[in-house]
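Survey of secondary and tertiary structure
Listed below, chain by chain, are the residues.
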Amino acid sequence: MNLNEIPVTEPQRQFYFMNLAKELLKKKEEEVGRKLTFHVTTFGCQMNARDSEKLIGILENIGYVEIEEEDADFVIYNTCTVRDNANQKVYGRLGYLNGFKKKNKDMKIGLCGCMMQEPTVIEKIKKSYSFVDLIFGTHNIFKFAELVCQMLQSEKMVIDVWESTDKIVEELPTDRKYAFKSGVNIMFGCNNFCSYCIVPYVRGRERSREPKDILQEIERLVSDGVVEVMLLGQNVNSYGKNLENPITFSELLEEVCKIEGLKRVRFMTSHPKDLSDDLIRVMAENKKICRHMHLPLQSGSSRLLADMNRHYDKEKYLDIVRKLREAIPDIALTTDIIVGYPGETEEDFMETMDVVEKVRYNSAFTFIYSPRTGTPAAKKEQIPEDITKDRFQRLLKLVQNIGQEKKAEVTGQSVEVLVEQVNEHDDSLVTGRCDNNTLVHFKGDASLIGTIVTVKLTECKGFYFIGEQI
Ligand code: 5AD
Ligand code: SF4
């Protein structure tokens, strides 16, 4: 390689490496006499899912062929570390991957994502999983093509993890999982440092993309057949604050809604501390914005919320819910709740139960607190497991009962459904989502995929509905 001809600016540099990788791969294909395959397994949140689409886009550009199974020539685990069980899953499955690698000497294993930003994890992999070929982190994912070239030319484990970045590289290829809907990153990182959360340490400081880049991306997606976008950020409500020309999230949303051909707009995740009246107004005024708000509560106890560094209390949270329901009566509310946070008393827990009863969420993700190394809460005295488990069960039951009652309330109603796929178990049915995110199965065929149709919710089956197109 002539070092002088390698571009220094991005994304040109990565396109150079994609071309180089294509050549390297071709040679390999000639050697083994077949196409080389890849598989990307994603752990964790929507951000990771979107990052995986970027990895897949680059691998396809290079010439790898995607397969469903993990016995591919190149397997990548895009990892999550928000709770310890996510980490344990990765370690467990790495052993299983090594079984495939022993049978295929050309197999490469890559690890990326949040877990790789933790130095202790890298040490453990070097020591106990030395068969891994490539490790990179969350800040340099844009460099993937370059890293693949390094990996293909090296016998040793390639490790490239950055502590932070202020870079946002635009214009690299991506491959969408769905033809008609897509996630769109509007910002990266988080500045909130909630006391239990590792995200700010592994995803870095908040960086917003320029509105023009976001709008251009969505326009392109729409011209490519996308009808629904999910705007993604750890805390979308603080979008745009640090841009050279600051803009608010609600202003961005209004601009996004103006894009012709785009039918639905979702967003994730809203932090209650930054949720503005203006956002509520924009949601109420724009029918394209889905009637759904994911609003993490974490705890109903004002004392614990202060300790968690959440910057709102029980009253403020309930007040936001009241305002949302006043402005958008049919809004679906979902949430995240942590049980067993250090110092949680029975009284604190009952405050959480109280909020759940008052808000009546459509559904809620409930988590048992998991200490994360380096976060302030991990240094505190932990709650005994039996107490946490008991509380968790009580909360889960309440959340599920209320969720069921909410579903029963809407049975019989007619709703707009975006059809996503042919039903996995019964091909006479299709599966879609209401604008409040509820799953519905109804009679139909593949021609409906990507269209929005009116469906009567005839029967509630727990997590989903059976419906009839009308
Ligand atoms: N333990 C348990 N749950 C956590 N979450 C974040 N950090 C932890 C932790 N250490 C939950 C929060 C957050 C969701 C994505 O994960 O509820 O909203
Ligand atoms: Fe974690 Fe809090 Fe940031 Fe969400 S807002 S990613 S919970 S630190």
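Refer to the structure printed above.
So, here's what we can say about the structure. Bear in mind that the values here come from a model prediction, so they are computed numbers and not experimental data.

A closer look at the site of ligand 1
- Neighbouring ligand 1 are the residues Val-82, Arg-83, Tyr-196, Gln-298, Asp-336, Ile-338, Phe-367, Ile-368, Tyr-369, Ser-370 and Arg-372.
- Tyr-196 places a main-chain nitrogen or oxygen 3.0 Å from a nitrogen atom of ligand 1.
- Contact between ligand 1 and Ser-370: a nitrogen atom at 2.8 Å from a main-chain N or O atom of the residue.
- Bound to the protein, ligand 1 loses 86% of the 400 Å² it would expose on its own.
- Elements that contribute at least two residues to the shell around ligand 1 include exactly strand 13 (332-339) and strand 14 (363-368).
- Of the residues belonging to the shell around ligand 1, the class tally is 6 nonpolar, 2 polar and 3 charged.

Notes on the sheet that holds strand 15 (residues 414-422)
- Taken in spatial order, the 5 strands line up as 15-16-17-19-18 and close into a barrel, and their pairing is mixed. The mean angle between the axes of side-by-side strands here comes to 50°, regardless of whether they run parallel or antiparallel.

Here's the deal with the sheet that holds strand 10 (residues 228-232)
- Across the sheet, which stays open at both edges, the 3 strands sit in the order 7-10-11 with parallel pairing between neighbours. With one partner strand each, in any of the chains shown, strand 7 (181-185) and strand 11 (264-268) form the two edges of the open sheet. Neighbouring strand axes in the sheet, compared pairwise and without regard to direction, differ in orientation by 25° on average.
- Strand direction decides the pairing type here: strand 10 and strand 11, joined by 5 bridges, are parallel. Across the sheet, the residue bridging to Glu-228 is Arg-264, located in strand 11.
- Each of strand 7, strand 10 and strand 11 is contacted by helix 2 (residues 46-62), which is oriented at about 100° to strand 7, the strand it contacts most.
- The strands touched by helix 8 (residues 249-257) within the sheet are strand 10 and strand 11, with strand 11 carrying the most contacts at an inclination of about 155°.

Quick notes on the site of ligand 2
- Lining the immediate surroundings of ligand 2 are Cys-190, Asn-192, Phe-193, Cys-194, Tyr-196, Cys-197, Val-199, Pro-200, Gln-234, His-271 and Arg-310.
- Across the shell around ligand 2, the residue classes break down as 7 nonpolar, 3 polar and 1 charged.

Details of a negative patch on the surface
- Among the surface-exposed residues, Glu-60, Glu-66, Glu-68, Glu-69 and Asp-71 lie close enough to one another that they form a single negatively charged patch.
- The class for Glu-60 is partly exposed, based on a relative accessible area of 32%.

A closer look at the pattern of salt bridges
- As enumerated under the stated definition, the model contains 45 salt bridges in all.
- Between Arg-322 and Glu-326 there is a salt bridge; the shortest N-O distance is 3.0 Å. Taken together, the residues Arg-322 and Glu-326, both in helix 11 (residues 314-327) and 4 residues apart, mark about one turn of the helix.
- For Arg-322, a relative accessible area of 40% gives the class partly exposed.
- Salt bridges linked by common partners bring Arg-50, Glu-53, Glu-170, Arg-209 and Glu-217 together as one network.

A short note on the pairing of strand 10
- Within strand 10, 5 of the 5 residues are buried, which leaves it mostly tucked inside the rest of the structure.
- In this sheet, strand 10 lies alongside strand 7 in parallel orientation, the contact comprising 5 bridges. By the bridge assignment, Lys-181 is partnered in strand 10 with Glu-228.
- At this point the chain moves from strand 10, through helix 8, to the parallel strand 11, and the crossover so formed is right-handed.

Let's talk about the packing of helix 2 against helix 5 (residues 144-152)
- Between helix 2 and helix 5, the least distance of the axes is 10 Å, while the angle of their chain directions is 55°. Put simply, helix 2 runs oblique to helix 5. Of the two possible hands of crossing, helix 2 and helix 5 adopt the one that is right-handed. Two secondary-structure elements touch here, helix 2 through Leu-55, Ile-58, Leu-59 and Ile-62 and helix 5 through Phe-144, Ala-145 and Val-148.

Reading guide: rules and limits
- Residues numbered from 1 in each chain as written.
- Chains lettered and ligands numbered in written order.
- Predicted model: local features only at pLDDT ≥ 70, side-chain atom pairs only at ≥ 80, totals over all residues.
- Heavy atoms only, no water.
- Near = heavy atom within 4 Å.
- Polar contact = N/O pair within 3.5 Å; in protein donor to acceptor, adjacent residues only side chain to side chain.
- Areas by Shrake-Rupley, 256 points an atom, 1.4 Å probe, with all protein chains shown as cover.
- Helix = DSSP H or I, 4+ residues; strand = E, 2+ residues; numbered from the N terminus.
- Nonpolar A, V, L, I, M, F, W, Y, C, P; charged D, E, K, R; others polar.
- Pairing = 2+ DSSP bridges.
- Axes fitted to C-alpha atoms, helices over the stretch in contact; angles between N-to-C directions.
- Contact = heavy atoms within 4.5 Å.
- Patch = residues over 30% accessible without salt bridge, like charges linked within 9 Å, V, L, I, M, F, W, Y side chains within 5 Å.
- Salt bridge = Lys/Arg side-chain N within 4 Å of Asp/Glu carboxyl O.
- Lys, Arg positive; Asp, Glu negative; His and termini not counted.
- Charge placed at Lys NZ, Arg CZ, Asp CG, Glu CD.
- Buried < 20%, exposed > 50% of the residue type's maximum accessible area, 1.4 Å probe, protein only.
- Right-handed = clockwise from strand over helix to strand, strands pointing away.
- Parallel < 35°, antiparallel > 145°, perpendicular 65-115°, else oblique.
- Left-handed = near helix turned anticlockwise from the far one by under 90°.

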